[in-house]
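A closer look at the structure
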Amino acid sequence: RQVGASWATPIVVEAAGKPQVITLAVPWVMAYDATSGAELWRVQALEGEITPSPIFAGGQVIVVSPSSKLIAIKPDGSGDVTKTHVAWTVEEGAPDVTSPVSNGKLLFSVSSGGFLVCFDAKDGKKVWEHDFAVETQASPVIVGDWLLLLTTKGDVVVCEAGRELKEVSRAKLDDAFFASPALANG
């Protein structure tokens, strides 16, 4: 492909009646038909060192142009849909390294400095923000109704994944952490 470098992991989503492989590489967000490999659509929206991976939330592909903006894309276009299929763009609270996470209604984004922002996934409006002032390289995860943040020094912060910031608990793990936790079997 004639694109720049990317650290982002592609995802597969079911959208517009077919499985789509969503990839990121400067300057493009590109979707491919998962069966044939044919390009379906593309949006020119990325710059910088692409580290955050895309997510699929509320029927939209959400991508991050690091430290710059969050972009929501309607995944039902064809060809270059830069001018027609960007549902919303937010230029505040975009992470630099971590990927956002969503429960379908709310979208959570944390910077490597520990600044956590909650957005409405439908329109990108900020719901709340909080500065935990901790270093984090791990993407946040959602388990049930809980949002987990794992810091590089092993602190685990658990909050409700809701419209208000409610910290539930904290724990300490004895190691340094730079990767996102994987969850299985509850």
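Overview of the structure. Note that the coordinates shown come from a computational prediction; the quantities given were computed from them, not determined experimentally.

**Here's the deal with the sheet that holds strand β12 (residues 115-120)**
In spatial order, the strands read β10-β11-β12-β13; together these four strands make up an open sheet with antiparallel pairing. Each of the sheet's edge strands pairs with one partner strand only, and the pair in question is β10 (101-102) and β13 (126-131). Pairing analysis gives five bridges linking strand β11 (residues 106-110) to β12, with the strands arranged antiparallel. Paired with Leu106 across the strands is Asp120, a residue of β12.

**Some points on the side chain of Thr152**
Residue placement: Thr152 occurs in the loop between β15 (146-150) and β16 (155-160). With residues near it in sequence (within four places) discarded, Thr152 still touches Glu135, Thr136, Gln137, Asp175, Ala176, Phe177 and Phe178.

**Focus on the pattern of salt bridges**
For the structure on display, the rule yields six salt bridges. With a shortest N-O distance of 2.8 Å, Lys126 and Glu92 are connected by a salt bridge. Of the two residues, Lys126 sits in strand β13 while Glu92 sits in the loop between β9 (86-90) and β10, which places them 34 residues apart along the sequence. On the accessibility criterion, Lys126 (39% relative accessible area) is partly exposed. With relative accessibility at 42%, the residue Glu92 sits in the partly exposed group. Among the ionic pairs, Glu129 bridges to Lys126, the shortest N-O distance being 2.9 Å. Glu129 sits in the partly exposed class, given a relative accessible area of 38%.

Parameters at a glance
- Residues numbered from 1 in each chain as written.
- Predicted model: local features only at pLDDT ≥ 70, side-chain atom pairs only at ≥ 80, totals over all residues.
- Heavy atoms only, no water.
- Pairing = 2+ DSSP bridges.
- Helix = DSSP H or I, 4+ residues; strand = E, 2+ residues; numbered from the N terminus.
- Contact = heavy atoms within 4.5 Å.
- Salt bridge = Lys/Arg side-chain N within 4 Å of Asp/Glu carboxyl O.
- Buried < 20%, exposed > 50% of the residue type's maximum accessible area, 1.4 Å probe, protein only.

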